[in-house]
Amino acid sequence: MRAIPGAWRRTARGAGLLGEDGSAAPTVFAEMSALAARTGAINLGQGFPDEDGPAEVLEAARQAIAAGANQYPPGRGIPDLRAAIAEHQERFYGLRLDPETEVLVTAGATEALAAVILALVDSPDDEIVVFEPYYDEYAACVALAGARLVTVPLRWPDFQPDPAELRRAVTDRTRLILVNDPHNPTGAVFARDVLDLVVELAERHDAIIVTDEVYEHLVFDGPHTPLATLPGAAARTLSISSGGKTFSTTGWKIGWVTGPADLVEAVLTVKQYLTYVGGAPFQPAIAAGLRLPDGFFTGIAATMRAKSRILGEGLRAAGFAVSRPAGSYFTVADAAPLGVEDAASFCRTLPARAGVVAIPLTAFATPERQDEYRTLVRFAACKRVDVLEEAAARLSRAQ
């Protein structure tokens with residue numbers, strides 16, 4: 001059998017896709033979830049809820065299955081979901097979209113990100129700027145596209161970027177600026193001046209802005225501000241989101257890309273050769289979810305804010321220093337006050353010692369910046385209140 005090309009192997013290994021022996025490297029999420037299953041620990045590592053979403057959404061999926069929506073949907077997504085996405089963008093953000101040409105349904109935000117990067121990167125000299133630490137798929141997709149990852153660090157405790165470092169990172173070689181807001185893994189929401197600077201730099205260097213907004217309805221204080229709503233941004237911005245986090249349906253994998261028709265068309269040229277389509281009966285269900293009353297959306301933000309507060313108080317009581325999240329599922333804690341010097345080792349022993357699983361922040365960082373995050377740990381608050389309270393009690397008893 002012909003060997004895998006050496007350049008690909010080197011790039012993939014650097015992105016963490018392959019181990020040193022050339023085998024597929026398991027993600028830290030798979031490793032920690034396996035630890036949780038093996039030890040019976042409470043899994044505050046991987047970001048998935050342990051409660052079902054709204055009954056109206058679940059019932060819409062059941063009805064769609066019963067009605068026969070079980071075969072391939074249209075490649076762009078069913079018309080009603082595309083219309084619902086366009087309605088959502090106008091209702092919440094004042095963005096007017098043509099659902100026929102400016103909306104594309106994908107197999108979750110993960111496929112959307114992969115399709116965008118593969119479609120818009122066309123040279124090994126292209127650079128993609130991301131904020132670090134970052135959702136681990138970003139580095140993997142940049143490696144698959146053969147481009148260069150350029151990172152801008154976010155630092156404890158507020159995880160806002162240094163404007164000077166952002167200015168240095170974006171150059172004429174920058175093809176994409178990828179902005180995850182609200183941010184995974186830190187729980188940060190970027191300040192308005194940061195968003196304005198992203199738009200300024202994208203215009204100056206003719207870069208495309210790509211936003212990952214899957215936590216858009218989980219901002220704790222005030223409404224989410226999509227980058228596409230800022231002056232000068234819409235014409236060069238592709239916005240990505242999904243129904244998984246909003247409706248607690250992470251397993252359905254229904255996401256979308258919205259933006260200028262020419263950019264969306266470019267993404268479709270790749271997306272149609274990835275999954276082609278997905279989730280036929282789940283698409284009308286997510287359309288129903290997007291049309292729920294405003295009270296649902298404000299309610300889920302308030303609920304997650306309360307859960308994050310419970311988790312944060314529990315972590316402080318257990319001796320951690322805690323960064324206050326502004327949105328998303330996640331809270332970052334510093335284990336250094338507990339005498340921890342290596343968060344990765346700490347997280348591997350935590351299930352046996354405390355019956356809780358968490359993720360080291362180093363799993364979301366490049367090798368060059370591992371030391372900056374070496375004592376930081378990410379915990380997920382997207383669990384039932386009683387589960388969070390039990391996890392806090394376990395952590396406190398184990399110290």
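Residues take numbers from 1 onward in each chain, read along the sequence in its written order. In keeping with the predicted nature of the model, local features appear solely for residues at pLDDT of at least 70, side-chain atom pairs appear and are counted solely at 80 or more, and the whole-chain, interface and lining totals rest on all residues. The side-chain quantities take in all heavy atoms of the structure and omit both hydrogens and water.

A.B. asks: Looking at this model, I keep getting lost on helix H2 (residues 28-39). Mind explaining?
C.D. replies: Because each turn of an α-helix spans 3.6 residues, side chains separated by three or four positions end up pointing in the same direction. The secondary structure listing takes helices from DSSP runs of H or I that are at least 4 residues long and strands from runs of E that are at least 2 residues long, numbered from the N terminus. Multiplying 1.5 Å by the helix residue count minus one yields the expected span of that helix. Its twelve residues place the ends of H2 16 Å apart at the C-alpha level, agreeing with the 16 Å of an ideal helix rising 1.5 Å per residue. Listing the buried residues of H2 in full gives Val28, Phe29, Met32, Ser33, Leu35 and Ala36. All buried residues of H2 lie within an arc of 150° about the axis, which places them on one face of the element. Residues of H2 that are exposed and angled more than 90 degrees away from the buried face: Ala37 and Arg38. Its buried side turned inward, H2 meets strand E1 (42-43), helix H12 (343-354), strand E11 (356-357), strand E12 (359-360) and strand E13 (376-380). In the stretch just after H2, Gly40 is the one whose phi turns positive, near 75°. Type-normalised accessible area, obtained with a 1.4 Å probe on protein chains alone, sets the label of each residue: buried when under 20%, exposed when over 50%, and partly exposed for intermediate values. Arc definition: directions from the helix axis to the C-beta atoms. The contact rule is simple, with two residues in contact once any of their heavy atoms fall within 4.5 Å.

A.B. asks: In this structure, what is going on with the sheet that holds strand E5 (residues 174-180)? I would like to understand it.
C.D. replies: Either a parallel or an antiparallel arrangement is found when strands of a sheet pair, and the pairing is made through backbone hydrogen bonds. Strand order in the open sheet formed by seven strands is E2-E8-E7-E6-E5-E3-E4, and the pairing between neighbours is mixed. Only two strands of the sheet have a single neighbouring strand rather than two, namely strand E2 (103-106) and strand E4 (148-153). With direction set aside, neighbouring strand axes in the sheet form an average angle of 20°. Working convention: axes come from line fits to C-alpha atoms, limited for helices to the stretch in contact. Angles between N-to-C directions cover 0 to 180 degrees. Lying on the sheet, helix H9 (residues 261-271) is in contact with E2, strand E6 (208-212), strand E7 (237-242) and strand E8 (255-258); it crosses E2 at an angle near 25°. Any two strands with at least two DSSP bridges between them are considered paired.

A.B. asks: Would you mind showing me how to read a nonpolar patch on the surface here?
C.D. replies: Within the patch definition used here, like charges are joined within 9 Å and nonpolar side chains (Val, Leu, Ile, Met, Phe, Trp, Tyr) within 5 Å, considering only residues with over 30% relative accessible area and no salt bridge. Note on areas: these come from Shrake-Rupley sampling with a 1.4 Å probe, and a residue is covered only by the protein chains present in the view. Any Lys or Arg side-chain nitrogen found within 4 Å of a carboxyl oxygen on Asp or Glu counts as a salt bridge. A surface patch of nonpolar side chains, about 240 Å² in accessible area, is lined by Leu118, Leu144 and Leu274. Inspection of the secondary structure puts Leu118 in helix H5 (residues 108-120).

A.B. asks: Could you clarify how one ought to interpret the pattern of salt bridges in this entry?
C.D. replies: Two side chains with opposite charge may pair up if their charged atoms get near one another. Following the criterion strictly, the structure yields 26 salt bridges and no others. Two residues, Asp80 and Arg291, come together in a salt bridge whose shortest N-O distance is 3.1 Å. Here Asp80 is found in helix H4 (residues 79-93), whereas its partner Arg291 is found in the loop between helix H10 (282-290) and helix H11 (294-317), with 211 residues between them in sequence. For Asp80, a relative accessible area of 37% corresponds to the partly exposed category. Between Arg96 and Glu90 there is a salt bridge, with its nearest N and O atoms 3.0 Å apart. On the accessibility criterion, Arg96 (71% relative accessible area) is exposed. Salt bridges sharing partners connect three or more residues here, namely Glu132, Arg155, Glu165, Arg369 and Glu372.

A.B. asks: Hey, could you run me through the packing of H5 against H9 in this one?
C.D. replies: Describing two packed helices takes the angle between their axes plus the distance from one axis to the other. Relative orientation of the contacting elements H5 and H9 amounts to 105°, with a least axis distance of 8 Å. The angle between H5 and H9 falls in the class roughly perpendicular. Counted together, Glu111, Ala115, Val116, Leu118, Ala119 and Leu120 of H5 and Leu263, Ala266, Val267, Val270 and Lys271 of H9 form the full contact between these two elements. Looking at the contact of H5 with H9, its residues break down into nine nonpolar, no polar and two charged. For classification purposes, angles smaller than 35 degrees are called roughly parallel, those larger than 145 roughly antiparallel, those between 65 and 115 roughly perpendicular, and all remaining angles oblique. Lys, Arg, Asp and Glu make up the charged group, whereas Ala, Val, Leu, Ile, Met, Phe, Trp, Tyr, Cys and Pro make up the nonpolar group; the residues left over, Gly among them, are polar.

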